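Examination of the molecular architecture
Below are the chains, spelled out letter by letter.
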Amino acid sequence: MDIFKVFEKRYSHKEGFLPDAVSLEDLKRIAEAGISAPSGVNRQSVRLVILPNRDAIAPVCAIAPTIGLETAPAAIAVLTDKTVTPSGEMNFEKEDYSAAVENMLLAATALGYVSLWLDSPYFDAKKEAAARAVLDAPETMRLWAVLPIGKPDGAGSRREKLPFDARVSVDKFHLNRL
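Residues numbered from 1 in each chain as written. Predicted model: local features only at pLDDT ≥ 70, side-chain atom pairs only at ≥ 80, totals over all residues. Heavy atoms only, no water.

**Focus: the pairing of strand S4 (residues 141-150)**
- In terms of burial, S4 is largely enclosed, as 10 of its 10 residues are buried.
- Bridge count for strand S2 (residues 74-81) against S4 is 8 bridges, and the pairing is antiparallel. In the strand pairing of S4, Val-78 is matched with Ala-145.
- Alignment of strand S3 (residues 114-115) against S4, held across 2 bridges, turns out to be antiparallel. Along S4, the bridge assignment pairs Ser-115 with Ile-149. (Buried < 20%, exposed > 50% of the residue type's maximum accessible area, 1.4 Å probe, protein only. Helix = DSSP H or I, 4+ residues; strand = E, 2+ residues; numbered from the N terminus. Pairing = 2+ DSSP bridges.)

**Let's talk about the layout of surface pockets**
- By volume, the largest pocket is sized at about 280 Å³.
- As for the largest pocket, its lining consists of Phe-7, Glu-8, Lys-9, Arg-10, Tyr-11, Ser-12, Lys-14, Ser-157, Arg-158, Arg-159, Glu-160 and Lys-161.
- Along the lines of polarity and charge, the residues of the lining of the largest pocket split into 2 nonpolar, 2 polar and 8 charged. (1 Å grid on protein atoms, 1.4 Å probe; cavity = no way out; pocket = protein on both sides within 12 Å on 5 of 7 lines; lining within 4 Å. Points joined across faces, edges and corners; volume = space filled by probe spheres on them. Nonpolar A, V, L, I, M, F, W, Y, C, P; charged D, E, K, R; others polar.)

**Considerations on the sheet that holds S3**
- If you walk across this open sheet you meet the 4 strands as S1-S2-S4-S3, and the pairing is antiparallel. Both outer strands of the open sheet, strand S1 (46-51) and S3, are each paired with one neighbouring strand and no more.
- Lying on the sheet, helix H5 (residues 93-110) is in contact with S1, S2, S3 and S4; it crosses S4 at an angle near 10 degrees.
- Of the strands in this sheet, S2 and S4 touch helix H6 (residues 125-134), which is tilted by about 75 degrees from S4. (Contact = heavy atoms within 4.5 Å. Axes fitted to C-alpha atoms, helices over the stretch in contact; angles between N-to-C directions.)

**Concerning the nonpolar core**
- If you look at the biggest cluster of nonpolar residues, it comprises 23 residues, and the most contacted ones within it are Ile-30, Val-78, Leu-147 and Ile-149.
- Residue assignment for this core shows that the elements contributing at least two residues are helix H2 (24-35), S2, H5 and S4.
- If you tally residues by element for this core, the top one is H5, at 8 residues.
- Excluding anything up to four places from it in sequence, Val-78 contacts Val-46, Arg-47, Leu-48, Tyr-97, Val-101, Met-104, Arg-142, Leu-143, Trp-144, Ala-145 and Leu-147. (Core = buried A, V, L, I, M, F, W, Y, C linked by side-chain atoms within 4.5 Å.)

**Points about the pattern of salt bridges**
- On inspection of all chains with the given rule, the structure shows 2 salt bridges.
- With its nearest N and O atoms 3.5 Å apart, the salt bridge here joins Asp-81 to Arg-47. Taken together, the positions of Asp-81 in strand S2 and Arg-47 in strand S1 put the pair 34 residues apart, joining distant regions of the chain.
- Classification of Asp-81 as buried rests on a relative accessible area of 9%.
- Here Glu-128 makes a salt bridge to Arg-132, at a shortest N to O gap of 3.1 Å. Of this pair, Glu-128 and Arg-132 both sit in helix H6, 4 residues apart, which is roughly one turn of that helix. Taken individually, Glu-128 and Arg-132 each receive the classification buried, so the pair is uniform in this respect. (Salt bridge = Lys/Arg side-chain N within 4 Å of Asp/Glu carboxyl O.)

**Points about the packing of aromatic side chains**
- Tallied over the entire structure, the rule returns 3 aromatic pairs.
- Between the aromatic rings of Phe-4 and Phe-7, the centroid separation amounts to 5.6 Å while the plane-to-plane angle is 85 degrees, which identifies the pairing as edge-to-face. Note that Phe-4 and Phe-7 are positioned in helix H1 (residues 3-9) at a spacing of 3 residues, about one turn of the helix.
- On the accessibility criterion, Phe-4 (58% relative accessible area) is exposed.
- When the ring of Tyr-97 is compared with that of Trp-144, the centres are 4.7 Å apart and the planes differ by 15 degrees; the resulting orientation is stacked. (Phe/Tyr/Trp six-rings, centres within 6.5 Å; stacked < 30°, edge-to-face > 60°.)

**Some remarks on the environment of Leu-48**
- Take Leu-48: it is sitting in strand S1.
- C-alpha of Leu-48 to C-alpha of Ala-64: the two residues are 16 residues apart in sequence and 18 Å apart in space.
- Setting aside anything within four residues of it in sequence, one finds Leu-48 in contact with Ala-31, Ile-35, Ile-76, Ala-77, Val-78 and Met-104.

The following block contains the structure:
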């Protein structure tokens, strides 16, 4: 699929998923897209856990249930390794995981799947620690997000995007009001 079609087609799927399995090969391709993303100072802090089926997803879903995690046939957990990212000014964990997630969302779309960036449940330190524990990830890891992946159970709702001219200026910034 043309990359610009992928950009156009991608949306955050907030509804349910069909039970159809996602092949491990496709999940690995999506994960490869994630670890191919740029990382601050090339520290490559992102670590991924592929959750290839409902049995693997269920313990994570029990901590932070959402319609996506409750119905997705597969998911990928996105963590960063705190041992390779110093605290302070040169810490790029947020940027690293964000770039990896966007690459994976686009890869999933290109392969004919839908997904969603679920990070807000893990802003709660207790939920993040509990989910990290069920993933057997050590305390040196930070769980940022889980991406449910699968085929949509229905059309899915897309939010309206502002028009190009409302968000993009040429030459100098112009306040483009709607």
